[in-house]
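Residues per chain, in single letters:
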Amino acid sequence: MSETLAPQQDVQDYYRDKARTAAAGSACCADDTDTAFGAVNYAGIGPGEAPDPALLASLGCGNPTAVAELREGETVLDLGSGAGLDLILSARRVGADGQVFGLDFLEEMLAVARRNIADAELDNIVLLKGVIEAIPLPAETVDVVISNCVINLSVDKLAVCQEMSRVLVPGGRIGISDVVAEDRLSADDRAARGSRAECVAGALSVSEYHDVLTRAGLVDPEVVFTHEAADGMHAAIIRARKPATPITSDDSASA
């Protein structure tokens, strides 16, 4: 694996520690005063929708399953699937005729997810080990890509967006939760507000997100702030779609 694709050591160490905490059965994420990250973003989850350990282990800044408009029979890919909460919620939404892939780079986190999926008694989830810059799936495999506060961790976000575009079927879509910076903040400003492992220093700005999605061949990009994560930094919903037909040079010129 090249250095570009290898997760940074500090990110590995941070999330390996979170996985160990989750494996011990403790809440691994936000404290009682943190309203930006963790289970607080799943207030609408009803009894029996997901095992409590999966909910307690949430590390995200939103609930992508609430905005991705998942439908019966669809195939879903969760980038950075962690302890499995979004996998479980997605699997219930797409039903027995659908399938959900979960991709994570840590074996420790995959082990936690396996336990939570078994507790949920679901058999339409497939776990994959790998990095989000090189998704181990064939082209045009999935209908929807979701992710929860993970893309900001990558050092090559264009590669991530290109991979999302590659694995989506024509007409497929993304529904992502991520931390996004206001355009006024420089890279140094973002780093001053938190580390990359804490989902802050590596965050894209609104205009940067629009740019990488468009460069990756996705259309109708949308970034909507939901709540503040730090000064000038916000949890956000990001949507875009893959064109149903390829964009030609003439289409690009007239766009």
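Residues numbered from 1 in each chain as written. Predicted model: local features only at pLDDT ≥ 70, side-chain atom pairs only at ≥ 80, totals over all residues. Heavy atoms only, no water.

An unreviewed UniProt entry annotates the chain as Arsenite methyltransferase of Polymorphospora lycopeni. Its UniProt record gives the chain the following Sequence similarities (unreviewed entry) comment, quoted word for word: "Belongs to the methyltransferase superfamily. Arsenite methyltransferase family." (UniProt positions renumbered as here; feature names shortened; annotations may be inferred.)

Caption draft 1: View of the overall build of the chain. Secondary structure summary: the chain contains eight helices and eight strands in total. Counting across all 255 residues of the chain, residues that qualify as buried make up 53%. A total of about 11,000 Å² of accessible surface is found on the chain, and carbon and sulfur atoms cover 49% of it. (Helix = DSSP H or I, 4+ residues; strand = E, 2+ residues; numbered from the N terminus. Buried < 20%, exposed > 50% of the residue type's maximum accessible area, 1.4 Å probe, protein only. Areas by Shrake-Rupley, 256 points an atom, 1.4 Å probe, with all protein chains shown as cover.)

Caption draft 2: Quick peek at the side chain of His-234. When you line up the elements, His-234 lands in strand β8 (residues 233–241). Judged by relative accessible area, His-234 falls into the buried class, the value being 12%. Of note is the side chain of His-234, whose polar atom sits 2.7 Å from the side chain of Glu-182. If we skip the residues at most four places from it in the chain, His-234 touches Asp-178, Val-179, Val-180, Glu-182, Phe-225, His-227, Glu-228 and Ala-229. (Polar contact = N/O pair within 3.5 Å; in protein donor to acceptor, adjacent residues only side chain to side chain. Contact = heavy atoms within 4.5 Å.)

Caption draft 3: Expanded view of the environment of Ala-229. Assignment of secondary structure puts Ala-229 in strand β7 (residues 219–230). Separated by 30 residues in the primary sequence, Ala-229 and Cys-199 have C-alpha atoms spaced 9.4 Å apart.

Caption draft 4: Molecular detail of helix α4 (residues 107–120). For α4, which comprises 14 residues, the first-to-last C-alpha distance of 20 Å matches the rise-based estimate of 20 Å (1.5 Å per residue) to within 8%. Taken residue by residue, α4 has Met-109, Leu-110, Val-112, Ala-113, Asn-116, Ile-117 and Ala-120 as its buried positions. Take α4 and look down its axis: the buried residues cluster within an arc of 155°, on one side only. Glu-121 sits one or two positions beyond α4 and adopts a positive phi of about 55°. (Expected span 1.5 Å × (residues − 1). Arc of directions from axis to C-beta.)

Caption draft 5: Representation of the packing of helix α5 (residues 157–167) against helix α7 (residues 206–215) in the model. The contact between α5 and α7 brings their axes to 8 Å, and the two run at 45°. Viewed along their axes, α5 and α7 adopt a mutual orientation that is oblique. When you trace α5 past α7, the crossing you get is right-handed. Across the interface between the two elements, Leu-158, Cys-161 and Met-164 of α5 pack against Val-212, Leu-213 and Arg-215 of α7. Its residues assigned to classes, the contact of α5 with α7 shows five nonpolar, no polar and one charged. (Axes fitted to C-alpha atoms, helices over the stretch in contact; angles between N-to-C directions. Parallel < 35°, antiparallel > 145°, perpendicular 65-115°, else oblique. Left-handed = near helix turned anticlockwise from the far one by under 90°. Nonpolar A, V, L, I, M, F, W, Y, C, P; charged D, E, K, R; others polar.)

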